[in-house]
Amino acid sequence: MDCTNGRRLLVTLLFMVLILALNLIETAGQFDSPSASLPDTNSSNESQPTRQSDDTVRVDPLDNFNKYRGGFDITNKHYWSSVIFTGVYGYTIGLLWLLSGILYGGYLLATAYCCKRNRKSRAKSPYHKQYYLWPILLAIIFTILAIVASGLALGGTSRFHSEAKTVVNIIISTANEASETIYNTTGAMKEMRDNLGETNGTGEASSFLTTTSEELDAEAADIARQARKNSRLIDRGLKIVFIVTTVSISLNLVVVIALSATGILRIQRALYWLIAICWCLTILCCLFFGIYFFLEKFSGDTCTALENFQENPYNNSLSSILPCDELLSARPVLFDVSAGIYNLVNEVNSNISQLQATTYPNLDYVCNPFSAPPEYAYQPDNCSANTIRIADIPKILAVFTCSDANNGTCQEGQFISTSDYKTVEAYTSSIQNLLNVYPGMESLVECQSVKDAFSEILREHCKPMKRSAHMAWAAMVVLSIVMVVLVLIWTAQARHDQELHSLDGSIKPQSSTTNSMEFQANNEVIKDHSTNGNSV
């Protein structure tokens, strides 16, 4: 009876571990929520630049388990430590299950010898058939639950991987567009430098354009390089998590079905191996629960940071990786370009007005692509029908340019020399090139392209990504619980079958010995009767 009582005690302890794990899961959301943490009394006295919530205030194991209050900052190791630590419930349950497996393995080794002496004194229970039936029914039910939970886990992880990959692609695409915008700007600046060189432009201007374009090219190359590097790292990380999870859950599904099949068929050796494998896979399921729990928290932090970025892109928790505030220094330069072109076009139109009043009444005005001060907004489509664009100025002036075919002599109505015409053509071409890249530069300085990308993420991908991560870890919790119950059922059944097999082995030799003794006694009686008959 010692071994039987020991087995029952062990099963009771394992169920206590299971109940403890369930309590930890239920309190996971409570301790992780902002309301569960102590309020920051100093925060009320400090003005907050944005509506950044305190969702990132969590326990940081790298800081002696103090609260992390640095906000969403993926460049800070303490942020990663605190957000990864939110999955401690899954890690703890997995560790407890691992320790219980080690203890049970030690228990089996210890009882392999101490119970040998008691095997001869036990009798076979008449209720072993009924004892065998109920575990089979329970195992079938929990196997079906494991199949359903595995399907939900695979679906959740697949959707999360798809949404996360789409979000990463959007961000990388935005970085590539910013790099391309800078390259377009430097291309216009280089063309302006070449045009100034052809028209004997000043060396100072050419040197400034050369230096500036080289610096911008370096910045664009750095953006593209960082985008490629981060894209590879994030894509590799997502693939590793997705592949490991998919393979583990799929293997777990196959092993669970095989476990139930071998248990029903009572193939003892295979059953022992499958129990051990299921025990290890249950640990992985608990770890996956912790991983996807922290991934849901990280997704929530990211979406909250994106919302705050939409409100104020120049002072928020993403400033460390998207320094839109640094681009503010380029806004005065862009303003000066707008004001300069606006004033230049107004000056040209003033001269055209004088020519219209004296010599050329049909001469058209030049369309000013910028609005009046103080906005100087770029409005290229607001030109009236009786105006010409800056790019068309050389076409209009070609009629008034002296032809080289006449050895530089100007005919009637021609008052512009060839060299002056080339100068005007070079300047108008340069200005038009700047105007072509102006919308992209304005969008870059205003961080508009980043805002648009983040708006798309918030509108179409944030909720599905958080929902799929929640679905994944919830399915992992259910699967872990089902696996624990299945392992306990088949472990108890395997121990019971082993004891029955041992009892059968110890009873059969005893009964055969008894039969042999009875057979010898009968032979002696027969011999006595035959001897007495002969004597008579």
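Our structure is the block above this text.
The model shown is predicted, which means the values in this text are computed figures rather than measured ones. (Residues numbered from 1 in each chain as written. Predicted model: local features only at pLDDT ≥ 70, side-chain atom pairs only at ≥ 80, totals over all residues. Heavy atoms only, no water.)

Undergrad: Help me understand the overall build of the chain, please; the structure alone is not making it clear to me.
TA: The helix and strand tally for the chain stands at 13 helices and four strands. Across the 536 residues in the chain, those meeting the buried criterion constitute 38%. Restricting to contacts in the chain with at least 6 residues of sequence separation, those with at least 24 account for 75%. Put simply, the chain shows about 30,200 Å² of open surface, and 61% of that area lies on carbon and sulfur atoms. (Helix = DSSP H or I, 4+ residues; strand = E, 2+ residues; numbered from the N terminus. Buried < 20%, exposed > 50% of the residue type's maximum accessible area, 1.4 Å probe, protein only. Contact = heavy atoms within 4.5 Å. Areas by Shrake-Rupley, 256 points an atom, 1.4 Å probe, with all protein chains shown as cover.)

Undergrad: In this structure, what is going on with helix H9 (residues 331-358)? I would like to understand it.
TA: For the α-helix, the turn length of 3.6 residues means that residues three or four positions removed from each other point alike. For H9, with 28 residues, the first-to-last C-alpha span of 41 Å sits near the 40 Å given by 1.5 Å per residue. The complete set of buried residues in H9 reads Leu-334, Ser-338, Ala-339, Ile-341, Tyr-342, Val-345, Asn-349 and Ile-352. (Expected span 1.5 Å × (residues − 1).)

Undergrad: Got a minute to help me understand the pattern of salt bridges in this structure?
TA: Opposite charge on two side chains lets them pair, provided their charged atoms get close. Applying the stated rule across the entire model yields five salt bridges. Among the charged side chains, a network of salt bridges with common partners joins Lys-165, Asp-235 and Lys-239. (Salt bridge = Lys/Arg side-chain N within 4 Å of Asp/Glu carboxyl O.)

Undergrad: What should I look at first to understand the state of the cysteines in this one?
TA: Cysteine pairs can be covalently joined through their sulfur atoms, and such a bond is termed a disulfide. Under the counting rule described, the total for this entry stands at two disulfides. Residue Cys-367 pairs covalently with Cys-383 via a disulfide, S to S 1.5 Å. Where Cys-367 bonds to Cys-383 through sulfur, the torsion about that S-S bond is close to -65°, and the disulfide is left-handed. With Cys-367 in the loop between strand S3 (365-366) and strand S4 (387-388) and Cys-383 in the loop between S3 and S4, this residue pair connects regions lying 16 residues apart in the sequence. With no disulfide of its own, Cys-285 lies 6.9 Å from the sulfur of Cys-286, the closest cysteine sulfur. Its relative accessible area of 2% is what places Cys-285 among the buried residues. You can call Cys-286 buried: its relative accessible area is 4%. (Disulfide = S-S within 2.5 Å.)

Undergrad: Quick question: what am I supposed to make of the packing of helix H7 (residues 268-311) against helix H12 (residues 448-460) here?
TA: In a pair of packed helices, the angle between the axes and the distance between the axes together describe the arrangement. Between H7 and H12, whose axes approach to 10 Å, the crossing angle comes to 135°. Classified by the angle their axes make, H7 and H12 are oblique. Taken as a pair, H7 and H12 cross one another with a handedness that is left-handed. Contact with H7, carried on its side by Cys-303, Leu-306, Glu-307, Phe-309 and Gln-310, involves Val-450, Lys-451, Phe-454, Ser-455, Ile-457 and Leu-458 of H12 and no other residues of that element. Tallied by class, residues from the contact of H7 with H12 come to seven nonpolar, two polar and two charged. (Axes fitted to C-alpha atoms, helices over the stretch in contact; angles between N-to-C directions. Parallel < 35°, antiparallel > 145°, perpendicular 65-115°, else oblique. Left-handed = near helix turned anticlockwise from the far one by under 90°. Nonpolar A, V, L, I, M, F, W, Y, C, P; charged D, E, K, R; others polar.)

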